[in-house]
Amino acid sequence: MEKNTKVEFDSAMGEQLAAAISWPRGKTRAFAIFAHCFSCSKDFVASRRVANALTEHGFAVLRIDFTGLGKSGGDFSDTNFSTNVQDLVAAANWLTDNYDAPALLVGHSLGGAAVLAAAPELASVKAVATIGAPANAVHVLQQFSCSVEEIEQNGEGEIDLGGRPFVVKKQFLDDVRTFDLPAQIKKFRGAKLILHSPLDRVVSVENAERIFKAAMHPKSFVSLDDADHLLTKLEHASYAAQVIAAWAERYIPSVAEKADTEGHVIAAESGEGKYHLHVDASGHPLTIDEPIAVGGSDRGPTPYDLLAAALGGCTTLTLRMYADRKKWPVNHIETRVEHAKHHAKDCEECARGHEGRVDVFKRFIHIEGELDKEQRHRMLEIADKCPVHRTLEQSSIIRTLLGQ
């Protein structure tokens, strides 16, 4: 396979985005997306160096030019921070359709802010790493060579990016001022790595502190010591990439490791609260907590919430598979589950063979589609064939061993 592959795909705005995939020499561990800085491109020195170093650890890295920059189509004056985020989502969708969904996002400078904003919108992403990223999109206005007042008064103004003139419209100012990046940072529950130089004169290291405080665990910070903002020295870019790659391996298992974790769940105390847990469910990070009323911090579903979610999810999936197999016109399926404990003597359908309190799950199934009465009745019967439903109705065997 070639070391680099040039690709093109459409952005959310309908413009053609230019991109390149840097491939590892051996098997691909996972796919990553790299987002460049505000005045850079996918071919910027730091972009290439970081991507190439990640390939040494088995990551295939897609580097994109944002709309209106580098070799991508579109007019830069029609873009803003939100469109950059949309470009990343479009890139992730293209990867998913043509190769595999991205598991890692890496962003440099404003690209770091963009990957933090995009991560909550991409279910496949397990880890995000930023290099010299601002804690808020509005920080980019400090790079404008013309006055912000001029853009506001005239509706647009010309700025210089890397020696090239670009027109910025007032809508750009409005977008970066209103985009709530801290809220997006809090929404992403995957792993975060924040790399920043204390000597960065473009984006001060205080931004890294604000990102770190806004982020939920797991999160890490690594100082880039004497590096400059653009990582112009080879050793600085290489060090950043090596740290990112080594860190990401912990959260993104290889294909062989994924096979070993299928059907395995680990629930461990996080140290962030009395009942707050970090969970690895076959390689997927989750959080468990308890309500504040019982001493928890209410930062995740309870164990019973997850049990109800398993029943509801299994029911919806079972019905979808059946409807697709029958080619029935079902547009949408939704299962709501309620859980409560009742005394066996008060539960007519479960009194036989039970004493004391009994767990009762109620399912409310909503099916949108042109189905007749008989078909809907059949769907209700199929719901009872959901594997989780059967597991809950039957007696399970639980073996408990003391780990080493």
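Before reading further, recall that the structure is shown in the block above.
Residues numbered from 1 in each chain as written. Predicted model: local features only at pLDDT ≥ 70, side-chain atom pairs only at ≥ 80, totals over all residues. Heavy atoms only, no water.

Here we take up the sheet that holds strand 13 (residues 284-288). Read across the sheet, three strands follow the order 11-12-13 without closing on themselves; strand pairing throughout is antiparallel. Where the open sheet ends on each side, the last strands, each with one partner, are strand 11 (265-269) and strand 13. Mean inter-strand twist for the sheet, computed between neighbouring axes without regard to direction, equals 25 degrees. (Pairing = 2+ DSSP bridges. Helix = DSSP H or I, 4+ residues; strand = E, 2+ residues; numbered from the N terminus. Axes fitted to C-alpha atoms, helices over the stretch in contact; angles between N-to-C directions.)

A word on the pattern of salt bridges. Note that side chains of opposite charge can pair when their charged atoms are close. Going through the model one piece at a time under the given rule, you end up with 11 salt bridges. Across the pair D174 and K170 runs a salt bridge, and its minimum N-O distance is 3.1 Å. Of the two residues, D174 and K170 both sit in helix 5 (residues 170-178), four residues apart, roughly one turn of that helix. You can call D174 partly exposed: its relative accessible area is 33%. Note that D324 is salt-bridged to R320, the shortest N-O span being 3.1 Å. Of this pair, D324 and R320 both sit in helix 10 (residues 303-326), separated by four residues, roughly a single helical turn. (Salt bridge = Lys/Arg side-chain N within 4 Å of Asp/Glu carboxyl O. Buried < 20%, exposed > 50% of the residue type's maximum accessible area, 1.4 Å probe, protein only.)

One pass over the full model with this rule turns up one cavity of 30 Å³ or more. Taken as a whole, the largest cavity encloses approximately 90 Å³ of empty space. Secondary-structure elements contributing two or more residues to the lining of the largest cavity are helix 2 (81-98) and helix 3 (110-118). Looking at the lining of the largest cavity, its residues break down into eight nonpolar, six polar and no charged. (1 Å grid on protein atoms, 1.4 Å probe; cavity = no way out; pocket = protein on both sides within 12 Å on 5 of 7 lines; lining within 4 Å. Points joined across faces, edges and corners; volume = space filled by probe spheres on them. Nonpolar A, V, L, I, M, F, W, Y, C, P; charged D, E, K, R; others polar.)

Quick look at the packing of aromatic side chains now. Tallying each qualifying case throughout the model produces 10 aromatic pairs. Residues F9 and W94 carry aromatic rings whose centres are separated by 5.3 Å and whose planes lie at 20 degrees to one another, so their mutual orientation is stacked. Of the two residues, F9 is situated in strand 1 (residues 4-10) and W94 in helix 2; the sequence distance between them amounts to 85 residues. W94 sits in the buried class, given a relative accessible area of 16%. A ring pair is formed by W23 and F31, whose centres lie 5.8 Å apart and whose planes are at 85 degrees; its orientation type is edge-to-face. According to the relative accessible area criterion, W23 is buried, its value standing at 6%. According to the relative accessible area criterion, F31 is buried, its value standing at 7%. (Phe/Tyr/Trp six-rings, centres within 6.5 Å; stacked < 30°, edge-to-face > 60°.)

As a further point, take the pairing of strand 5 (residues 104-108). Across the five residues of strand 5, five count as buried, placing the element largely inside the fold. Covered by surrounding structure in strand 5 are L104, V106 and H108 together with L105 and G107, the residues of both alternating faces. Pairing geometry for strand 3 (residues 30-35) and strand 5, over four bridges, is parallel. Each residue of the ladder has a partner; that of I33, found in strand 5, is L105. Handedness of the crossover is the feature at issue here: the chain leaves strand 5, passes through helix 3, returns alongside strand 6 (residues 127-131), and the resulting connection is right-handed. (Right-handed = clockwise from strand over helix to strand, strands pointing away.)

Let us look at the side chain of T55. Looking at the element boundaries, T55 is found in helix 1 (residues 45-55). Residue classification places T55 among the buried positions, given a relative accessible area of 9%. Those residues in contact with T55, other than ones at most four positions away along the chain, are S22, W23 and P24. (Contact = heavy atoms within 4.5 Å.)

In total, this model carries two disulfides according to the counting rule given. The residue that forms a disulfide with C37 is C40, at a sulfur-sulfur distance of 1.6 Å. In terms of burial, C37 and C40 fall into one category: buried. The residue that forms a disulfide with C314 is C386, at a sulfur-sulfur distance of 2.5 Å. Because the sign of the S-S torsion sets the handedness, a value of about 135 degrees for the bond joining C314 and C386 places this disulfide among the right-handed ones. Taken together, the residues C314 in helix 10 and C386 in the loop between helix 11 (373-383) and helix 12 (387-393) connect sequence positions 72 residues apart. (Disulfide = S-S within 2.5 Å.)

Between helix 1 and helix 8 (residues 234-251), the shortest axis-to-axis distance is 8 Å and the interhelical angle comes to 40 degrees. Between helix 1 and helix 8, the interaxial angle falls into the category oblique. For the pair helix 1 and helix 8, the crossing hand works out as right-handed. In this structure, helix 1 uses R49, V50, A53 and L54 to contact helix 8, whose residues at the interface are L234, A237, A241, Q242, I244 and A245. (Parallel < 35°, antiparallel > 145°, perpendicular 65-115°, else oblique. Left-handed = near helix turned anticlockwise from the far one by under 90°.)

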